[in-house]
Amino acid sequence: MARVAVIGAGAIGGTLAAWLAQSHEVTVCARSPLADLEVETPEGVIRAAPRILTDPAGASAVDWILCTTKTYDCAAAAAWLPGLMGPATRLAVIQNGVEQRDRFPQVPAQRTVPVIIDLPAERHAPGRIVQRRNGTIHVPEGEAGEALVALFADTPIDAQTTPDFVTAAWRKLAINCSGIVSALTRRPAEVANDEGVAEVMRALVSECIAVGRAEGADLPDKLADQVVRWTTLAHPQSVNSLHADFVAGRQTEVDARNRVIVRLGATHGIDAPMNRALASLLMAASTRN
């Protein structure tokens with residue numbers, strides 16, 4: 001049994017904490033108190049009552065830290081690290097984008113594990129989550145990655161190592177960058193059935209492919225069509241996190257999901273006008289919200 005701290009009690013953090021609490025000692029580091037966790041999963045409803053902390057001063061060393069906060073909350077998440085880190089503690093950065101390795105420089109690189117997760121889940125109330133499907137986790141090959149995979153051995157989440165993490169990260173970004181169309185139209189996954197919207201999604205993904213290749217990812221041209229198809233095959237009412245945050249008037253991860261393509265593209269002399277335009281529109285609308 002491992003001692004695991006999950007920083008963040010949102011949809012991803014709450015779901016992972018609930019599953020891991022079935023076989024490990026779990027602490028959830030959250031902004032507000034929670035009574036317990038209840039997740040409606042494809043396997044049925046699961047419940048967990050992990051230790052809940054709201055003050056970093058109460059933290060103690062664990063074997064694993066799973067950071068599941070939004071990318072713009074890294075500074076707040078870092079406040080938990082001094083209390084949670086022991087001499088052998090490992091940090092799994094489970095966040096969107098392709099810059100996971102750079103977000104917590106205070107943790108030794110050999111003890112930091114970047115994680116790509118595909119786990120459709122939505123939080124409807126504090127501690128109350130709907131998990132759409134079991135999902136997957138990909139981490140780099142190596143001892144640390146294999147240890148994280150072992151942590152999820154007793155859950156239905158398919159965790160595995162990959163020899164090409166750069167490609168896995170950019171492949172996930174290709175999916176995420178297209179999700180901005182749902183936020184701007186305020187429509188769930190079914191919006192991809194609109195051919196005009198689908199064409200915009202293909203353009204967003206094509207830009208991501210070009211920049212990803214320049215960064216060393218192996219991405220096929222057909223990925224643009226595949227992302228559209230995968231979206232049409234998703235649960236029609238599935239809502240991505242960018243959409244959910246935008247509609248709720250919260251800060252969004254548009255920088256990690258779209259503007260990063262523009263930023264990194266510029267370093268390679270690659271323009272990404274569709275990602276730049278839609279990100280600008282979303283940011284302007286968010287300011288109004």
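From a predicted model like this one, the values you see are computed outputs, not experimental measurements.

1. As for the pattern of salt bridges
Right, on to step 1. Applying the stated criterion to the full structure yields 18 salt bridges.
Right, on to step 2. Close ionic contact of Asp271 with Arg276 constitutes a salt bridge, the shortest N to O distance being 2.7 Å.
Right, on to step 3. The network of salt bridges with shared partners includes Glu99, Asp255, Arg259 and Arg263.

2. Focus: the UniProt feature "domain: Ketopantoate reductase N-terminal" (unreviewed entry) in the protein chain
Right, on to step 1. Under the UniProt annotation, "domain: Ketopantoate reductase N-terminal" (unreviewed entry) lies at residues 4-141.
Right, on to step 2. Secondary structure content for residues 4-141 is 14% helix and 38% strand, and the end C-alpha separation is 21 Å.

3. Considerations on the UniProt feature "domain: Ketopantoate reductase C-terminal" (unreviewed entry) in the protein chain
Right, on to step 1. With numbering matched to this structure, UniProt assigns "domain: Ketopantoate reductase C-terminal" (unreviewed entry) to residues 164-284.
Right, on to step 2. With 69% helix and 0% strand, residues 164-284 has end C-alpha atoms that lie 36 Å from one another.

4. Overview of the nonpolar core
As a rule of thumb, soluble globular proteins bury nonpolar side chains together.
Right, on to step 1. Counting residues in each nonpolar core, the largest one holds 38 residues, and the members touching the most others are Trp170, Ile180, Val181, Val205 and Ile261.
Right, on to step 2. Going through the elements one at a time, α5 (165-178), α6 (180-185), α7 (195-214), α8 (223-233), α9 (241-247), α10 (254-267) and α11 (273-288) are the ones with two or more residues in this core.
Right, on to step 3. The element best represented in this core is α7, accounting for eight residues.
Right, on to step 4. Residues in contact with Trp170, not counting those within four places in the same chain, are Val98, Cys208, Val211, Gly212, Glu215, Ala217, Leu219, Ile261 and Leu264.
Right, on to step 5. Val6, Ile129, Ala144 and Ala159 belong to the second-largest nonpolar core, a separate cluster that totals 36 residues.

5. Quick look at unusual backbone geometry
Right, on to step 1. Although it is not a glycine, Arg186 adopts a positive phi angle of roughly 60 degrees.
Right, on to step 2. Structurally, Arg186 is set in the loop between α6 and α7.
Right, on to step 3. With relative accessibility at 44%, the residue Arg186 sits in the partly exposed group.

6. Some thoughts on the sheet that holds strand β10 (residues 128-131)
Right, on to step 1. Taken together, the four strands give an open sheet; going across it, the order is β4-β3-β10-β9, and neighbouring strands pair in mixed fashion. This sheet does not close on itself; its edge strands, each paired only once, are β4 (44-48) and β9 (121-125). The average undirected angle you get between the axes of adjacent strands in this sheet is 20 degrees.
Right, on to step 2. Set on the sheet, helix α1 (residues 11-20) makes contact with β3 (37-41), β4, β9 and β10; between it and β3 the angle comes to about 95 degrees.

7. Here we look at the domain arrangement of the protein chain
Right, on to step 1. Assigned domains of the protein chain: these are domain 1 (3-162) and domain 2 (165-287).
Right, on to step 2. Put simply, the middle of domain 1 and the middle of domain 2, counted by C-alpha atoms, are 24 Å apart.
Right, on to step 3. Counting from both sides, the interface comprises 20 residues of domain 1 and, opposite them, 21 residues of domain 2.
Right, on to step 4. For the pairing of domain 1 and domain 2, the buried interface totals around 1700 Å² over both sides, and the portion due to carbon and sulfur atoms is 56%.
Right, on to step 5. Its largest share of buried area at the contact with domain 2, domain 1 owes to Tyr72, Asn96 and Val98, together 34% of the area lost on that side.
Right, on to step 6. Note that Arg263 is salt-bridged to Glu99, the shortest N-O span being 3.4 Å.
Right, on to step 7. At the junction of domain 1 and domain 2, the tally comes to eight residue pairs in polar contact (both at pLDDT 80 or more).
Right, on to step 8. Mapped onto the side of domain 1 that touches domain 2, the elements with two or more residues apiece are β8 (112-118) and β11 (136-140).

The rules behind these values
- Residues numbered from 1 in each chain as written.
- Predicted model: local features only at pLDDT ≥ 70, side-chain atom pairs only at ≥ 80, totals over all residues.
- Heavy atoms only, no water.
- Salt bridge = Lys/Arg side-chain N within 4 Å of Asp/Glu carboxyl O.
- UniProt positions renumbered as here; feature names shortened; annotations may be inferred.
- Helix = DSSP H or I, 4+ residues; strand = E, 2+ residues; numbered from the N terminus.
- Core = buried A, V, L, I, M, F, W, Y, C linked by side-chain atoms within 4.5 Å.
- Buried < 20%, exposed > 50% of the residue type's maximum accessible area, 1.4 Å probe, protein only.
- Contact = heavy atoms within 4.5 Å.
- Pairing = 2+ DSSP bridges.
- Axes fitted to C-alpha atoms, helices over the stretch in contact; angles between N-to-C directions.
- Domains from an automatic or database assignment.
- Buried area = accessible area lost by both parts, 1.4 Å probe.
- Polar contact = N/O pair within 3.5 Å; in protein donor to acceptor, adjacent residues only side chain to side chain.

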